[in-house]
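Topology and contacts: notes
Now for the letters of each chain:
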Amino acid sequence: MIEIIFYGRGGMGAVTAGKILADAAILSGNYPEVSAFPSFGTERRGAPVQAFCRISDTPIWTRAHIEKADYAIVLDETVFGTHIISSIKETGALILNTPKCPSEIRETYDFGDSKITIVTADLTQIAFDLKLTTKENQPIVNTSVLGVITKSSVKISLADAQKAIENKFGASSKTALNVKAAQMAAELAEVGEVN
């Protein structure tokens, strides 16, 4: 079983990203069992939120929050800190929306002796470049992060992620932009492997 925590702010689509990832996992044929659910604090736009996703090739019996994740996916760098690092398994991975490279993140934060792989991509810039924003001109990054996930060891292809995005939003020009954002994120993501 692979356990994933999404971190973001209310209105960023962390919950939606978890649900789309669960659909992509099923579409891949590798993970017929999925579970995706949110955890809210004050339940308002801009407040920190978490969403959880489990994908597995065997039945998932647990419904509890994830304490130690295989993947921590951070949609907004302002919520990132040591509390997130400590929520990642020793050999897990961090996917971070940032213009910084993985080595900068490793130098800036205390990862201790962990073997956490760091993957970075500037999802915010991708959203602005594609004019993929909300009515309030906030960047939409929850779909582009799915492209980054396809570069990880999770057996979900970019085509699976694209189909899941289309399943969620239907056919439209906005959906096409979300798919393009996922493609760009997959191409631009930087992976900082641990030696």
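One numbering rule holds for all chains: residues counted from 1, following each sequence as written. The model is predicted, so local features are restricted to residues of pLDDT at least 70 and side-chain atom pairs to those at 80 or more, both for listing and for counting; the totals for chains, interfaces and linings are taken over all residues. Side-chain descriptors were evaluated using all non-hydrogen atoms of the structure, hydrogens and water having been removed beforehand.

Attention now goes to the packing of helix α1 (residues 14-28) against helix α6 (residues 158-169). In contact at an axis separation of 8 Å, α1 and α6 are set at 125° when each is read in the N-to-C sense. Between α1 and α6, the interaxial angle falls into the category oblique. Classified by chirality, the crossing of α6 by α1 is right-handed. From α1, T16, I20, D23, A24, L27 and S28 reach across to α6, where they touch D160, A161, K163, A164, I165, N167, K168 and F169. Only Asp, Glu, Lys and Arg are considered charged, only Ala, Val, Leu, Ile, Met, Phe, Trp, Tyr, Cys and Pro nonpolar, and every remaining residue, Gly among them, polar. Its residues assigned to classes, the contact of α1 with α6 shows 7 nonpolar, 3 polar and 4 charged. Axis geometry follows a simple rule: fit a line to the C-alpha atoms, using only the stretch in contact for helices, then measure angles between N-to-C directions, giving values from 0 to 180 degrees. Here a helix means four or more residues in a row that DSSP labels H or I, a strand means two or more in a row labelled E, and each is numbered from the N terminus. Any angle between 65 and 115 degrees counts as roughly perpendicular, while under 35 counts as roughly parallel, over 145 as roughly antiparallel, and the rest as oblique. The hand of a helix crossing depends on one turn: near helix anticlockwise from the far one by less than a right angle means left-handed, and clockwise means right-handed. Contact criterion: two residues are considered in contact whenever any of their non-hydrogen atoms come within 4.5 Å of each other.

The criterion is simple. A nonpolar core is a set of buried Ala, Val, Leu, Ile, Met, Phe, Trp, Tyr and Cys residues joined through side-chain atoms within 4.5 Å. The rule is simple: take the accessible area with a 1.4 Å probe, protein chains only, and divide by the maximum for that residue type; under 20% is buried, over 50% is exposed, in between is partly exposed. In terms of nonpolar packing, the biggest core is built from 46 residues, with I4, F6 and I55 touching the most fellow members. The element best represented in this core is α1, accounting for 8 residues.

Between the first and last residue of a helix there are one fewer steps than residues, each counted as 1.5 Å, and that sum is the expected span. If you check α6, its first and last C-alpha atoms are 17 Å apart, about what 12 residues at 1.5 Å a residue would give, namely 16 Å. Residues of α6 that are buried: D160, A161, Q162, A164 and I165. Each element contacted by the buried residues of α6 is listed here: α1, α5 (144-149) and α7 (173-188). Trailing α6 by a residue or two, G170 shows a phi angle of about 75°, which is positive.

We now examine α7. Under the 1.5 Å per step criterion, the end-to-end length of α7 is 22 Å for 16 residues, consistent within 8% with the ideal 22 Å. Taken residue by residue, α7 has T175, N178, V179, A181, A182, M184, A185 and A186 as its buried positions. Residues of α7 that are buried sit in contact with α4 (123-129), α5 and α6. The term polar contact refers here to a pair of N or O atoms within 3.5 Å; inside protein, the definition further demands a hydrogen-donor-capable atom paired with an acceptor-capable atom, and it admits residues adjacent in sequence only when both atoms are side-chain atoms. Regarding α7, its N-cap is S172, as a side-chain oxygen of that residue lies 3.4 Å from the backbone nitrogen of K174 further along.

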